[in-house]
Amino acid sequence: MGELTGADIAAFLAGLREGDEQHGPLAASSAGRAVIAVRGLHAFAAAQGLTTADPARLVRPPAPPRRLPKAITVDEVERLLAAAGPMPGPGGPPGAGGAASAVQLRDRALLEFLYGTGARISEAVGLDIDELDLAGEGVVRLSGKGGKQRIVPVGSYASQALDAYLVRARPALAAAAARSAAPPARVPAAVFLNARGGRLTRQGAWLVLHAAADRAGLASLSPHTLRHSFATHLLDGGADIRVVQELLGHASVTTTQIYTLVTVEKLREVYAAAHPRALG
């Protein structure tokens, strides 16, 4: 072990990635795990005094390929939102005369909010009433990673769905908290409540999304799907990447730039399909 050098370890890594006649090439993640094991062995040997140097110290595992965020089309977003519940219009209390139920109004408002603001699901379920300003400037104050806050506009569709939910459905859900406890439980300040009148959890919001996706025939949607779609559709519509960065709450524009790769890939697909000399 003492005769090995950093070049030997790097050559070992290269061999894993390239493969040979007996072994196929390893993916970056698999080769990375092997290199991490080798680094651990050499670090242990050096710490125990079994060797005078650690040749693997400067050999880094290969970075895995950057996965592009999955965004769905505008038509698919509309199908997803419609599957959550009907877009609320004027009417009486939920459930009256065939109107949407309280849960349907909440689900539609939640998904409209996620797509209309680009909020993370954790930000949506953590949102309190006093952080939402629909009557005034039509904005919401979101608390992102590290407690960093940002102000994001709420679109007209999301505002309409939220207003109907807050006026016609949230009081019905909040009443469940009073019925389920003795003495009556204090209703949380949360915007989004569950069927028992408590704050909707991240898992509960995830289930809302997946139930709507199943009804819409959309498979493999992640909790971040609407956030990814929000950013991608803004960039497709010509929004400045710095504005999208602020709306998403990214600390660096580098994080936001991955969405430009999605739009470039879309342009490449359209070009290849439409231009008469795109393909040989």
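Residues numbered from 1 in each chain as written. Predicted model: local features only at pLDDT ≥ 70, side-chain atom pairs only at ≥ 80, totals over all residues. Heavy atoms only, no water.

A word on the sheet that holds strand β3 (residues 149-153)
On the basis of which strands lie adjacent, the open sheet formed by three strands has the order β1-β2-β3 and antiparallel pairing. At either margin of the open sheet sits one strand with a lone partner, and together these are β1 (132-133) and β3. With five bridges connecting them, strand β2 (residues 139-143) and β3 associate as antiparallel partners. Looking at the pairing, Ser143 lines up with Gln149 of β3. (Pairing = 2+ DSSP bridges. Helix = DSSP H or I, 4+ residues; strand = E, 2+ residues; numbered from the N terminus.)

Points about the pattern of salt bridges
Summed over the entire model, instances satisfying the criterion amount to five salt bridges. Within this structure, Arg120, Glu123 and Arg150 form a network of salt bridges that share partners. (Salt bridge = Lys/Arg side-chain N within 4 Å of Asp/Glu carboxyl O.)

Observations concerning the nonpolar core
Among the nonpolar cores identified, the biggest contains 54 residues, and Leu80, Leu110, Leu111, Phe113 and Phe192 are the most heavily contacted of them. Top contributing element to this core by residue count: helix α4 (residues 102-117), with eight residues. When residues no more than four places from it in sequence are discounted, the contact partners of Leu80 are Ile72, Leu111, Leu209, Ala212, Ala213, Ala216, Leu218, Leu221 and Leu226. (Core = buried A, V, L, I, M, F, W, Y, C linked by side-chain atoms within 4.5 Å. Buried < 20%, exposed > 50% of the residue type's maximum accessible area, 1.4 Å probe, protein only. Contact = heavy atoms within 4.5 Å.)

Quick notes on the layout of surface pockets
Empty space left among the atoms is revealed by rolling a probe the size of a water molecule over them. Quantified by volume, the largest pocket comes out at close to 270 Å³. In terms of lining residues, the largest pocket is bounded by 13 residues, among which Ala71, Thr232, Asp236, Val262 and Lys266 are the most central. Elements that contribute at least two residues to the lining of the largest pocket include exactly α8 (225-236) and α11 (258-274). In terms of residue count, α11 provides more of the lining of the largest pocket than any other element does, five residues in total. Residues belonging to the lining of the largest pocket are distributed by class as follows: five nonpolar, four polar and four charged. (1 Å grid on protein atoms, 1.4 Å probe; cavity = no way out; pocket = protein on both sides within 12 Å on 5 of 7 lines; lining within 4 Å. Points joined across faces, edges and corners; volume = space filled by probe spheres on them. Nonpolar A, V, L, I, M, F, W, Y, C, P; charged D, E, K, R; others polar.)

Looking at the packing of aromatic side chains
With the rule as written, the count across this model stands at two aromatic pairs. Ring centres 5.8 Å apart and planes at 20° place the aromatic pair Tyr165 and Phe192 in the stacked group. Highlighted residues: Tyr165 in helix α6 (residues 156-179) and Phe192 in the loop between α6 and α7 (202-216), separated in sequence by 27 residues. You'll find Tyr165 and Phe192 in the same group, each marked buried. By the ring-pair criterion, three or more aromatic residues cluster together here, those being Phe113, Tyr165 and Phe192. (Phe/Tyr/Trp six-rings, centres within 6.5 Å; stacked < 30°, edge-to-face > 60°.)

Structural notes on α7
With 15 residues, α7 extends 21 Å from end C-alpha to end C-alpha; this agrees with the ideal 21 Å at 1.5 Å per step. On its buried side, α7 packs onto α3 (74-84), α4, α5 (121-125) and α8. One or two residues past the end of α7 sits Gly217, with phi positive at roughly 75°. (Expected span 1.5 Å × (residues − 1).)

Thoughts on the confidence of the model for the protein
Of the residues in the protein, 90% reach a pLDDT of 70 or more, and the chain-wide mean stands at 86. Mean pLDDT per element in the protein: α11 is the minimum at 78, and α4 is the maximum at 96. (pLDDT = per-residue confidence, 0-100.)

Some points on the pairing of β2
Examined bridge by bridge, β1 and β2 share two bridges and lie antiparallel to one another. Residue pairing in the sheet places Asp133 in a bridge with Val139 of β2. Adjacent in sequence and paired antiparallel, β1 and β2 are bridged by five residues, among which Gly138 carries a positive phi angle near 70°. Hairpin connection of β2 to β3: five residues between the antiparallel strands, including Gly146 at a positive phi of 70°.

Looking at the packing of α3 against α8
At a minimum axis separation of 11 Å, α3 and α8 run at an interaxial angle of 140°. Read as a crossing pair, α3 and α8 show a hand that is left-handed. The residues of α8 that touch α3, namely those facing Val74, Val77 and Leu80, are Leu226, Ser229 and His233. Of the residues contributing to the contact of α3 with α8, the split by class is four nonpolar, two polar and no charged. (Axes fitted to C-alpha atoms, helices over the stretch in contact; angles between N-to-C directions. Left-handed = near helix turned anticlockwise from the far one by under 90°.)

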